[in-house]
Amino acid sequence: MTQSGAQGCTLLLAGCGKMGGAMLDGWLKAGIASSVAVVEPSGLPESLRGNPAVVLVSGPDALPAGFAPDVVVLAVKPQVMDTVLPAYRALVRPGTVFLSVAAGKTIASFESALGESALGESALGKSALGEGAAIVRSMPNTPAAIGRGMTVAVGNPVVTEAQKALCDSLLRAVGDVAWVEDESLLDPVTAVSGSGPAYVFLMVEAMAKAGEAAGLPAELAMRLARATVAGAGELLHQSPTDAADLRKAVTSPNGTTQAALDVLMAGDGIQPLLDRAVAAAARRSRELAK
Ligand SMILES: NC(=O)C1=CN([C@@H]2O[C@H](COP(=O)(O)OP(=O)(O)OC[C@H]3O[C@@H](n4cnc5c(N)ncnc54)[C@H](O)[C@@H]3O)[C@@H](O)[C@H]2O)C=CC1
Ligand SMILES: O=C(O)[C@@H]1CCC=N1
């Protein structure tokens, strides 16, 4: 895990809710970012209060003197992003990259909302400002809170190699990262890995309910479902074997697993359901762009 690019960087986090908070937790656990300002109307989460590296500010116009963020992480809901962004225009400068985690919001929408800062143009001149805001659109997921996130990212042409490396090291500090060139992939990415943890948690809930229906006490059923999904996930994580072969290794010919899989895989099995679920999420991601 390479963290050197982000070690000691200054961060401004807009929105410290479930996703922004999960990433910030991960960065603080990884010892990344020397100084973090947080804009969060609900205040800092309990876990961050009293942390000397973190300061709560009322907005991007209320940063501590001399605080020039290397990275502005945009982690508010897509529905409020357009009203939130104008206040951040003054932070557009060559040294700052904007890293969005919002579902659906396109790079073009950030370019349009952030534009170029008046301060940047007068203080640095147009050529120093470059072509506008450096923007990375990314889609992480909440396992980032324990360093096991999966993020896919794409940058606009203004993003420098150093800024890409900085964002990469931040995202890598909380899990795995894949960079893509084609921004349209972010919609299906959101549908698979961004929303995906919820599908797995739903599976745990359903397995526990099925265990109860089969006669297990509720608490034991949930404990078994939770431990089984966590253990299977860890095995997938640590093993080079692909998922289908790991499945086959559990399945004794004519055994118990075979009996269950005959039900789960009857006809086209659960594939059409997942196809529809992922397509619906990708469609919603595209709608959120509007
Ligand atoms: N929750 C998840 O699993 C994932 C969420 N995302 C994205 O992360 C973003 C945030 O989502 P969640 O954390 O789930 O929602 P959330 O509602 O938990 O967090 C959003 C936070 O933004 C704060 N906020 C509202 N107005 C603000 C303003 N003007 N300035 C600063 N903060 C403000 C809210 O108080 C709230 O704490 C969304 O754009 C979502 O698409 C991306 C990947 C996964
Ligand atoms: O449900 C959502 O819209 C967000 C984006 C991916 C996960 N949560």
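- Per an unreviewed UniProt entry, the recorded name for the protein is Pyrroline-5-carboxylate reductase, and the organism is Azospirillum isscasi.
- According to the UniProt record, the Subcellular location (unreviewed entry) comment for the protein reads "Cytoplasm".

**Observations concerning the UniProt feature "domain: Pyrroline-5-carboxylate reductase catalytic N-terminal" (unreviewed entry) in the protein**
For step 1, the next point in the chain: The UniProt feature table records "domain: Pyrroline-5-carboxylate reductase catalytic N-terminal" (unreviewed entry) at residues 15-104.
For step 2, the next point in the chain: Secondary structure within residues 15-104 divides into 21% helix and 19% strand; the distance between the first and last C-alpha atoms comes to 17 Å.

**Structural notes on the confidence of the model for the protein**
For step 1, the next point in the chain: Averaged over all residues, the pLDDT of the protein is 91; the fraction at 70 or higher stands at 93%.
For step 2, the next point in the chain: Note on residues 117-129: pLDDT under 50 across the span, and 17 contacts to partners over four residues away in sequence or across chains.

**Brief notes about unusual backbone geometry**
Residues apart from glycine generally show negative phi values, whereas peptide bonds are mostly found in trans.
For step 1, the next point in the chain: Phi at N254 takes a positive value of approximately 65°, unusual for a residue other than glycine.
For step 2, the next point in the chain: Counting through the fold element by element, N254 comes out in the loop between α9 (243-250) and α10 (256-264).

**Notes on the nonpolar core**
For step 1, the next point in the chain: L11, L24, W27, V38, V71 and L170 are the most contacted members of the largest nonpolar core, which totals 38 residues.
For step 2, the next point in the chain: Looking at this core, the elements that each hand over two or more residues are β1 (10-14), α1 (18-29), β2 (35-39), β4 (71-74), β5 (97-100), β6 (134-139) and α5 (161-172).
For step 3, the next point in the chain: Take this core: its biggest share by element is five residues, from α1.
For step 4, the next point in the chain: Other than its neighbours up to four places away in sequence, W27 contacts L11, I32, V73, L170, L171, A173 and V174.
For step 5, the next point in the chain: In this structure, A37, V39, L63 and I107 belong to the second largest nonpolar core, which totals 31 residues.

**Observations regarding α5**
For step 1, the next point in the chain: Given a rise of 1.5 Å per residue, twelve residues ought to cover 16 Å, and the 16 Å separating the end C-alpha atoms of α5 matches this to within 8%.
For step 2, the next point in the chain: For α5, the full list of buried residues reads Q163, L166, C167, D168, S169, L170 and L171.

**Section: the site of ligand 2**
For step 1, the next point in the chain: All residues adjacent to ligand 2 are A103, G194 and S195.
For step 2, the next point in the chain: In isolation ligand 2 exposes 240 Å². Once the protein is present, 47% of that is buried.

**Some remarks on the site of ligand 1**
For step 1, the next point in the chain: Around ligand 1, 19 residues are found, and the nearest of them are K18, M19, E40, V76 and A103.
For step 2, the next point in the chain: Within the backbone of K18, an N or O atom sits 2.8 Å from an oxygen atom of ligand 1.
For step 3, the next point in the chain: One of the side-chain N or O atoms of K77 is found 3.2 Å from an oxygen atom in ligand 1.
For step 4, the next point in the chain: Alone, ligand 1 offers 820 Å² of accessible surface; in the complex the protein occludes 77% of this.
For step 5, the next point in the chain: Sorting the residues of the shell around ligand 1 by element identifies α1 and α2 (78-84) as the ones contributing at least two each.

**Section: the domain arrangement of the protein**
For step 1, the next point in the chain: When its domains are assigned, the protein resolves into domain 1 (10-186) and domain 2 (196-288).
For step 2, the next point in the chain: Listed by partner, the interface residues are ten residues for domain 1 and seven residues for domain 2.
For step 3, the next point in the chain: Of the roughly 590 Å² buried where domain 1 meets domain 2, counting both sides, 50% is carbon and sulfur surface.
For step 4, the next point in the chain: Our count for the domain 1 to domain 2 interface comes out at one salt bridge.
For step 5, the next point in the chain: One salt bridge connects E234 with R148, and the closest N-O pair in it is separated by 2.8 Å.
For step 6, the next point in the chain: On inspection of domain 1 and its partner domain 2, the count reaches two residue pairs in polar contact (both at pLDDT 80 or more).

**Let's talk about the UniProt feature "domain: Pyrroline-5-carboxylate reductase dimerisation" (unreviewed entry) in the protein**
For step 1, the next point in the chain: Within this numbering scheme, the UniProt entry marks residues 183-288 as carrying the feature "domain: Pyrroline-5-carboxylate reductase dimerisation" (unreviewed entry).
For step 2, the next point in the chain: Between the C-alpha atoms that bound residues 183-288 the distance is 14 Å, and the span itself is 78% helix and 0% strand.

**Some thoughts on the pairing of β5**
Successive side chains on a regular strand alternate, one facing one side of the sheet and the next facing the other.
For step 1, the next point in the chain: Burial of β5 is two-sided: the residues V97 and L99 facing one way and the residues F98 and S100 facing the other way are all buried.
For step 2, the next point in the chain: As paired strands, β4 and β5 are joined by four bridges and run parallel to one another. Across the sheet, V71 pairs through a bridge with V97, a residue of β5.
For step 3, the next point in the chain: Of the crossover connections in this fold, the one passing from β4 over α2 to the parallel β5 is right-handed.
For step 4, the next point in the chain: Alignment of β5 against β6, held across four bridges, turns out to be parallel. Counted as the bridge partner of L99 is V136 from β6.

Here is what the cut-offs are and how they apply
- Residues numbered from 1 in each chain as written.
- Chains lettered and ligands numbered in written order.
- Predicted model: local features only at pLDDT ≥ 70, side-chain atom pairs only at ≥ 80, totals over all residues.
- Heavy atoms only, no water.
- UniProt positions renumbered as here; feature names shortened; annotations may be inferred.
- Helix = DSSP H or I, 4+ residues; strand = E, 2+ residues; numbered from the N terminus.
- pLDDT = per-residue confidence, 0-100.
- Contact = heavy atoms within 4.5 Å.
- Core = buried A, V, L, I, M, F, W, Y, C linked by side-chain atoms within 4.5 Å.
- Buried < 20%, exposed > 50% of the residue type's maximum accessible area, 1.4 Å probe, protein only.
- Expected span 1.5 Å × (residues − 1).
- Near = heavy atom within 4 Å.
- Areas by Shrake-Rupley, 256 points an atom, 1.4 Å probe, with all protein chains shown as cover.
- Polar contact = N/O pair within 3.5 Å; in protein donor to acceptor, adjacent residues only side chain to side chain.
- Domains from an automatic or database assignment.
- Buried area = accessible area lost by both parts, 1.4 Å probe.
- Salt bridge = Lys/Arg side-chain N within 4 Å of Asp/Glu carboxyl O.
- Pairing = 2+ DSSP bridges.
- Right-handed = clockwise from strand over helix to strand, strands pointing away.

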